[in-house]
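# Residue-level structural notes
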Amino acid sequence: MGDINRKLLVVFVDAFGADQLQRLEGLLGSLPNRKPLRGIVGYTSAALPTILTGEPPSVHGRMCLFSAHEGPGNSVLQPLRWLGLLPRFVHERRRVRRIAELLLSKAAGLTGYVALHRVPPEHFHWLDLPERDDMFNAETVGGARTFLSDARSAGLSVYSSPWQTPEPTRWEQALSSLRTHSPDLTFLYCAELDAVMHREGNRGPEAPDVMQRIVQNIDRAREELMRGGADLTTIVVGDHGMADVHTDVDPSDVLTRLPNMRVFVDSTMMRFWGDNHQLDRARLEIERADLPGQWLDHRMLKEREVPAERYGRAILMLKEGAIFSPSFLGGHVAGMHGYDLATPSAKAALASDKPIPAGCDSLASIAKMIREQLGLT
Ligand SMILES: [Zn+2]
């Protein structure tokens, strides 16, 4: 960076979307430059790699927590098939799943985010976990370099908050670290807003308090980094917004009618693998069941820069505000995201204390802005 007194703070706030940006207006006094951003198709497991690398999901290959297992050898999930020997009411217990997640992470050396949710164990053999490594410390995500690894390679000092640590501890650790070592690049991670809005929707009683707490913590981090007169640039970025859930869709009938097909039921998507004949059959069953959503075929998935094949040869994308309940990820919640690109909840948000460059209008353009700011291009 040449000038040793320039510092960059990037704060990733899960579920800081265009709608949340409007509601936060009054709180974001220190970050007067704001912009909604075009999002991506998929969940945080897709958006975060796009923010970190500047590449779309079709390049970094991440979209959902679970993909189809490809290539030779057994799936990393294969050893967990023993869960299927337990009765469902036991193997679906959060505590049982947590133990399985820890055993799997240890046995397979996984440092990424592992969450088995309610995926039925009989599907483990054909499924895979794309997120194997801790993205904040990995050199690349799906072969694409992150701005964090670029900064480290360039010899800049970098602090990235450990996402594994519970929220309040993570903030306290970050703030106390910034007090003693002021790095060139600070990357903070915050998941609390997403969690509370899943639980109570957009207009619940807790969200305003959470937002206020996040903004206070950001301001505290800014204070620490500006100590000694550093020229600080702050970038707060989200990955998507949140839609209030108004419709629960039960996928059971459709699944029963497609017994020999590989189908994965995410919260907002039903993903299908099979030959054209099987896909036609699946589409017909969806139409018969009158599920509220849009069928995305191979061409439409490519248009949306979705990693082809790995996450389904075709996808039924529910309309915004509907969720599968039950799904392989869980059941009813008050708020959800992960809908098609044009929906309001798919829009992310950006706020900064410095003017936002004109071309910065999508999640994929954030990494470029950060790299330029750090003098890495
Ligand atoms: Zn979420």
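Structure: see above.
To start, this report covers the structure provided alongside it. Please read these numbers as outputs of a predicted model, since none were measured by experiment.

## Describing the coordination of the zinc ion
At this site the zinc ion is bound by D194 (OD), D194 (OD), H198 (NE2) and H337 (NE2), with donor distances of 2.1 to 2.4 Å. Relative to the metal, the four donor atoms surrounding the zinc ion lie at angles of 56 to 148 degrees, and the coordination shape comes out irregular. All donors of the zinc ion belong to a single chain; written as a sequence motif, their spacing is D-x3-H-x138-H. Pair noted here: H198 is in helix α8 (residues 192-200) and H337 is in the loop between β17 (335-336) and β18 (348-352), with a separation of 139 residues, a long-range link. For the pair H198 and H337, one class covers both residues: buried.

## Topic: the sheet that holds β18
Sheet architecture is open: six strands sit in the order β2-β18-β9-β1-β8-β7, paired in mixed fashion. On the outer flanks of this sheet lie β2 (33-37) and β7 (158-160), each paired with one strand and no other. Averaged over all neighbouring strand pairs, the angle between strand axes comes to 15 degrees, with direction disregarded.

## A few points about the pattern of salt bridges
Scanning the model with the defined rule gives 25 salt bridges in all. Among the salt bridges present, the one from R179 reaches E224, with a minimum N-O distance of 2.9 Å. Of the two residues, R179 is situated in helix α7 (residues 167-180) and E224 in helix α9 (residues 207-226); the sequence distance between them amounts to 45 residues. The exposure class assigned to R179 is partly exposed, which follows from its relative accessible area of 44%. The salt bridge partner of R304 is D340, with a shortest N-O separation of 2.8 Å. In this pair, R304 sits in the loop between α12 (298-303) and β15 (314-318) while D340 sits in the loop between β17 and β18, placing the two residues 36 residues apart along the sequence. Here R304 falls in the buried class, since its relative accessible area comes to 16%. Via salt bridges that share partners, E139, R145, D150 and R371 belong to a single interconnected network.

Criteria and thresholds
- Residues numbered from 1 in each chain as written.
- Predicted model: local features only at pLDDT ≥ 70, side-chain atom pairs only at ≥ 80, totals over all residues.
- Heavy atoms only, no water.
- Donors = N, O, S within 2.8 Å, 3.2 Å for Na, K, Ca; no water.
- Tetrahedral: all angles 85-135°; square planar, octahedral: opposite > 155°, others 65-115°.
- Helix = DSSP H or I, 4+ residues; strand = E, 2+ residues; numbered from the N terminus.
- Buried < 20%, exposed > 50% of the residue type's maximum accessible area, 1.4 Å probe, protein only.
- Pairing = 2+ DSSP bridges.
- Axes fitted to C-alpha atoms, helices over the stretch in contact; angles between N-to-C directions.
- Salt bridge = Lys/Arg side-chain N within 4 Å of Asp/Glu carboxyl O.

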